[in-house]
Amino acid sequence: MEVSPVELLIFQPTPFCNLNCTYCYLPDRKDKRVMDVEIVRTAVEKLKEEQLLEPGLGIIWHAGEPTVVRPEQYAAYFAPIREVLGDLEYVQHFQTNGTLIDDRWCDFIAEHHIAVGISIDGPDYIHDRSRKTWNGRGTLDKTVRGIEALKKHGIPFHTISVIGEASLDHAKEIYDFLVSLEPVLIGFNVEEQEGVNQTSTPPIREFENACGAIAAGGGSDFNQQVYPYRILTISVDGAFTTFSPELLGMSSKAYGSLEIGNVKTDSFRGALQNPKYNQLASDIFAGVKRCEETCEYFDVCGGGAPANKLFETGTFAAAETNFCEQHLKIPVRIVLKDLETTLAGAGKAFPAPKAGEKVRRISPWE
Ligand code: SF4
């Protein structure tokens, strides 16, 4: 089977999280196990042997909270990655709640050129409603303290905010608050959304993605979540899956466990021959086909996110979900409206991709 090289390699160094956010989907966030270095080494060695690596790889440390694992352990993880990947161009990423970031973490992040994403939902009356400690206290002050540390060390970061029902009446305050933190990019993981400011500095991920997809002239090959191994997610004990990262560690009535193998016992290419993979993939591809046949947004979406389809409808073989309107269709409509204004000469054009340039989405895990 022909498989694209891995674009995003996501490691779950621990399931544990120091926070207990009300909307968190991770079932094992009290589990304090830490990934063994040998799992990282085995994974990258197998990827190299199986020719599944190419320049531009993103390595993401995510889920639970990556900074509960100490910098010394990351130094141990990074050594085999450096050794095995050699000259291959790659970038390490942390997606963090920011509450544990201090000067020591900043030194480590700067030394290893780690790209940082901070989960922060807005001012205290929004953020602290959901993003709480295990004792039920709000965490905004700690997250902002982490951001201040990054800024003091000159480390750029982007933000990701969950927009829920409570946010809907405060769109402008949330946006202004996020801009005041001076991130390089703002991303929203949207539960409900309306009326996001369209003239943003810094840029907003959903609009950047919509612009990129439209400027690329259609097609679905930028959707990393509907092709095997463009995203590879590896758990604390070496279990792995592909397509949407949220599938790792989950099971469903229709499919049982959503893992397709374990790095200790399976090859990545071999796992694509097993019945579990075939069961998941055939329904995911059927869902994409249904999208293509029924949805006028297919060319700028590419068939959506399998995890959303499963969690909302109970099957991968579905098309439309709530996610579509909120995460894709609204931003695309706003960008198209903006494009009409641009073409009428009243606005400034967004940049089109250069010839041969690969267009892909900025994923929620970067
Ligand atoms: S917007 Fe929804 S229905 Fe349309 S292609 Fe994307 S996932 Fe499918």
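Values in this document were obtained by computation on a predicted structure and should not be read as measured data. (Residues numbered from 1 in each chain as written. Predicted model: local features only at pLDDT ≥ 70, side-chain atom pairs only at ≥ 80, totals over all residues.)

Q: Looking at this structure, I do not really get the pairing of strand 7 (residues 231-234). What am I missing?
A: Strand residues, when the strand is regular, have side chains that alternate between the two faces of the sheet. Neither face of strand 7 is open: one carries Ile231 and Thr233, the other Leu232 and Ile234, and all of them are buried. As judged from the 4 bridges shared by strand 1 (residues 8-11) and strand 7, these two strands associate in the parallel manner. From the neighbouring strand, Phe11 faces strand 7, where its bridge partner is Ile234. Two strands pair when backbone bridges link them, and strand 7 and strand 8 (residues 239-242) are joined in this way by 3 bridges, in the antiparallel orientation. The residue of strand 8 that forms the bridge with Leu232 is Thr242. If you look at the hairpin formed by strand 7 and strand 8, you'll find 4 residues sitting between the two strands, and Gly238 has a positive phi there, around 95°. (Buried ≥ 20, exposed ≤ 12 C-beta atoms within 10 Å, placed from the backbone. Helix = DSSP H or I, 4+ residues; strand = E, 2+ residues; numbered from the N terminus. Pairing = 2+ DSSP bridges.)

Q: What's the story with the packing of helix 1 (residues 37-49) against helix 2 (residues 71-85) in this structure? I'm lost.
A: The relative placement of two packed helices is expressed as an angle between their axes plus a distance between the axes. Look at helix 1 against helix 2: their axes get within 9 Å of each other, and the N-to-C directions meet at 15°. Compared by their axis directions, helix 1 and helix 2 come out roughly parallel. Helix-helix and strand crossings are classified by hand; for helix 1 and helix 2 the assignment is right-handed. When helix 1 is examined against helix 2, the residues Val37, Val40, Arg41, Val44, Glu45 and Lys48 are found in contact with a partner set consisting of Ala76, Tyr77, Pro80, Ile81, Val84 and Leu85. (Axes fitted to C-alpha atoms, helices over the stretch in contact; angles between N-to-C directions. Parallel < 35°, antiparallel > 145°, perpendicular 65-115°, else oblique. Left-handed = near helix turned anticlockwise from the far one by under 90°. Contact = placed C-beta atoms within 7 Å.)

Q: What's the story with the site of the ligand in this structure? I'm lost.
A: Surrounding the ligand, one finds Cys291, Cys295, Tyr297, Phe298, Cys301, Gly303, Gly304, Ala319, Glu320, Cys324, Leu328 and Lys329. Those elements that provide at least two residues to the shell around the ligand are helix 10 (298-301) and helix 12 (322-343). At 3 residues, the largest contribution of residues to the shell around the ligand is made by helix 12. (Near = placed C-beta within 6 Å.)

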